Amino acid sequence: MQTVNTLHMLRTALAQLCGQSDRAGGRIALVPTMGALHEGHLTLVRRAAAEADHVVVSIFVNPKQFGANEDLDAYPRQLAADAAMLEAEGVALLWAPTAEAMYPAGFATNVSVAGVSDGLCGAARPGHFDGVATVVLKLFNQVTPDMAFFGEKDFQQLAVIRAMARDLDLTRPHVDAIIGVPTVREADGLAMSSRNRYLLPEHRTAAASLPRAMRTAVAAIESGAAIGEALGQLEDEILAAGFSSIDYVTLADSRSLAPLIALGSDPARLLVAARIGGTRLIDNMAVGPARG
Ligand code: AMP
């Protein structure tokens, strides 16, 4: 595996990987990450390897998607350990740009996907999805992958990227496939996240109540409980489990993320963001007969 951190090195490495620029060397899959890799990330890498000839992983802790009071400085960074994990997975290329390589002096462009970015995490973290869309579009242009893999763990992020790809015609030779991968969970059901390592042991134990309570709410809604009541009960259970606050507990249309007050024929999603011990956790689950 080659690790590169300048655009020039990336382009040289991609050209080597593909033979020449006509992609004779095969299909490229991109897996964008912020590093501090866990089994969730590695599952994306394995899916990518199953569907493409070469896997490119990016590791970039993107300052544009962190708010002023968020954990940019504290965000875990462990490039050498991450590189070893990716090497063991057979990844061809690790793109680990410096902040200066990604955002040179004078960088002035902002990509904003209205609507789907606005509610949920977008409301709690103003500007977050502009930062995500901006960096992901740059990554697509830098790597020009045939497909890119994202986790359903960050369900709104996936919806934002799909909307951007549709709106901006990110078809071949850029990206003709945005592939969502189901959330990978710890044995007790907690969704894997680089931020789980912030949790103290007692908070880590209590955090597993979140997916448990969400599953109960999904079952209740699917068996016809009133949405408002089921969501209210879920909020109560989350707070009773030791979470200090809730950013949102919402049932939404899976594609538009517009809040739903009743299940229809379109796929629906239960989405939650809540804080425990100062750490903000998010999770989501499919709801309804379509289980979308
Ligand atoms: P991050 O490094 O947190 O930005 O995540 C990089 C990619 O890995 C994103 O597409 C995430 O949605 C995905 N990801 C993170 N955690 C998980 C998980 N537990 N299961 C599946 N995908 C995940």
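Up top is the structure these notes are about.
Overview of the structure.

Rules and cut-offs
One numbering rule holds for all chains: residues counted from 1, following each sequence as written. In keeping with the predicted nature of the model, local features appear solely for residues at pLDDT of at least 70, side-chain atom pairs appear and are counted solely at 80 or more, and the whole-chain, interface and lining totals rest on all residues. For the side-chain quantities, the full set of heavy atoms in the structure was used; hydrogens and water were omitted. Only Phe, Tyr and Trp rings are paired, with Trp represented by its six-membered ring, and only when their centres lie within 6.5 Å; those with planes under 30 degrees apart are stacked, over 60 edge-to-face, the remainder tilted. Labels follow the DSSP assignment, with helices taken as runs of H or I lasting at least four residues and strands as runs of E lasting at least two, numbered in each case from the N terminus. The classification of residues rests on relative accessible area computed with a 1.4 Å probe and restricted to protein chains. Under 20% of the type maximum is buried, over 50% is exposed, and intermediate values are partly exposed. When the NZ atom of lysine or the CZ atom of arginine is within 6 Å of a ring's centre and also within 35 degrees of its normal, the charge is said to sit over that ring. Helix span is expected to be 1.5 Å times the residue number reduced by one. We call a residue near a molecule or strand whenever a single non-hydrogen atom of that residue lies within 4 Å of it. Pairs of N or O atoms within 3.5 Å make up the polar contacts considered here, provided that, within protein, one atom can donate a hydrogen while the other can accept it, and that residues adjacent in sequence are counted only when both atoms are side-chain atoms. Computed with a 1.4 Å probe, the accessible areas rest on the Shrake-Rupley method; for each residue, only the protein chains presented here act as cover. Polar here means any residue outside two lists: the nonpolar Ala, Val, Leu, Ile, Met, Phe, Trp, Tyr, Cys and Pro, and the charged Asp, Glu, Lys and Arg; Gly therefore counts as polar. Here, strands pair whenever DSSP counts at least two bridges between them. Inter-axis angles, ranging from 0 to 180 degrees, are taken between N-to-C directions of lines fitted to C-alpha atoms, where helices are fitted over the stretch in contact. Two residues qualify as a contact provided that any one of their heavy atoms is within 4.5 Å of a heavy atom in the partner residue. We call a set of buried residues a nonpolar core when its members are Ala, Val, Leu, Ile, Met, Phe, Trp, Tyr or Cys and they connect through side-chain atoms within 4.5 Å of each other. Note that the domain bounds were set by an automatic or database domain assignment. Within this document, salt bridges are pairs made up of a side-chain nitrogen of Lys or Arg and a carboxyl oxygen of Asp or Glu, the two lying within 4 Å of each other.

### Some details on the packing of aromatic side chains
Logical step 1: In the structure shown here, the tally under the stated rule is four aromatic pairs.
Logical step 2: Seen from their ring centres, Phe66 and Tyr75 are 5.7 Å apart, and the 80° between their planes marks the pair as edge-to-face.
Logical step 3: Geometrically, the ring pair formed by Phe140 and Phe150 is edge-to-face, given 6.3 Å between the ring centres and 70° between the ring planes. In this pair, Phe140 sits in helix H6 (residues 128-143) while Phe150 sits in strand E5 (residues 147-151), placing the two residues ten residues apart along the sequence. For the pair Phe140 and Phe150, one class covers both residues: buried.
Logical step 4: Taken together, the aromatic side chains of Phe60, Tyr103 and Phe107 make up a single cluster linked through ring pairs.
Logical step 5: Over the ring of Tyr103 we find Lys64, and its NZ or CZ is 4.6 Å from the ring centre.

### A look at H6
Since the α-helix advances by 3.6 residues per turn, residues separated by three or four positions end up pointing in the same direction.
Logical step 1: Over its 16 residues, H6 runs 22 Å from end to end, which matches the ideal 22 Å to within 8%, given 1.5 Å per residue.
Logical step 2: Among the 16 residues in H6, 15 count as buried, and that is most of the element.
Logical step 3: Phi turns positive one or two residues past the end of H6, at Thr144, with a value near 40°.

### Focus on the site of the ligand
Logical step 1: The full set close to the ligand counts 17 residues, and His41, Gly151, Asp154, Val184 and Met192 are the nearest of them.
Logical step 2: In the model, a nitrogen atom of the ligand is placed 2.8 Å from a nitrogen or oxygen of the Val184 main chain.
Logical step 3: In isolation the ligand exposes 480 Å². Once the protein is present, 93% of that is buried.
Logical step 4: Of all the secondary structure elements, the ones that give two or more residues to the shell around the ligand are strand E2 (28-33), helix H2 (39-51) and E5.
Logical step 5: Residues that form the shell around the ligand fall into these classes: eight nonpolar, seven polar and two charged.

### Let's talk about the sheet that holds strand E1 (residues 2-4)
Logical step 1: Ordered in space as E1-E4-E3-E2-E5-E6, the six strands form an open sheet in which the pairing is parallel. Among the strands making up the open sheet, the edge pair consists of E1 and strand E6 (178-181). Strand-to-strand, the axes of this sheet are offset by a mean angle of 25°, without reference to chain direction.
Logical step 2: Set on the sheet, helix H3 (residues 79-88) makes contact with strand E3 (54-59) and strand E4 (93-95); between it and E3 the angle comes to about 165°.

### Things to note about the nonpolar core
Logical step 1: Core analysis: the largest hydrophobic core is formed by 45 residues, its most contacted members being Val56, Val136, Phe140, Val143, Phe150 and Met164.
Logical step 2: Three or more residues apiece are contributed to this core by two domains, here domain 1 (2-181) and domain 2 (194-284).
Logical step 3: Ranked by size, the runner-up nonpolar core spans 26 residues in total, among them Met214, Ile227, Leu270 and Val272.

### Comments concerning the pattern of salt bridges
Logical step 1: Within the structure shown, the criterion is met by eleven salt bridges.
Logical step 2: The shortest N-O distance in the salt bridge between Arg275 and Asp247 comes to 3.7 Å. With Arg275 in strand E8 (residues 268-276) and Asp247 in strand E7 (residues 245-253), this residue pair connects regions lying 28 residues apart in the sequence.
Logical step 3: Exposure remark for Asp247: the relative accessible area of 30% places this residue in the partly exposed category.
Logical step 4: The structure contains a network of salt bridges with shared partners spanning Glu39, Arg46 and Glu89.

### Focus: unusual backbone geometry
Logical step 1: Within the chain, Ala36 stands out as a residue other than glycine whose phi angle is a positive 50°.
Logical step 2: Relative to the elements of secondary structure, Ala36 occurs in the loop between E2 and H2.
Logical step 3: Using a relative accessible area of 1% as the deciding quantity, one classes Ala36 as buried.
Logical step 4: The backbone phi angle of Thr144 is positive, close to 40°, even though this residue is not glycine.
Logical step 5: Relative to the helices and strands, Thr144 resides in the loop between H6 and E5.

### A closer look at the sheet that holds E7
One key point about sheets: their strands pair by backbone hydrogen bonds, in either a parallel or an antiparallel sense.
Logical step 1: Within the open sheet, the three strands sit side by side as E7-E8-E9. Their pairing is antiparallel. Looking along the sheet, the strands with just one partner apiece sit at the ends: E7 and strand E9 (279-287). Adjacent strand axes in the sheet meet at a mean angle of 10°, parallel and antiparallel pairs treated alike.
Logical step 2: Taken strand by strand, helix H10 (residues 227-240) contacts E7 and E8, and its axis lies near 150° from that of E7.

### Description of the pairing of E9
Logical step 1: When you tally the buried positions in E9, you get nine out of nine residues, the bulk of the element.
Logical step 2: Where burial is concerned, the two faces of E9 agree: the one with Thr279, Leu281, Asp283, Met285 and Val287 and the one with Arg280, Ile282, Asn284 and Ala286 are both buried.
Logical step 3: The pairing of E8 with E9 spans nine bridges and is classified as antiparallel. The partner of Ala273 across the bridge, within E9, is Ile282.
Logical step 4: Adjacent in sequence and paired antiparallel, E8 and E9 are bridged by two residues, among which Gly277 carries a positive phi angle near 55°.

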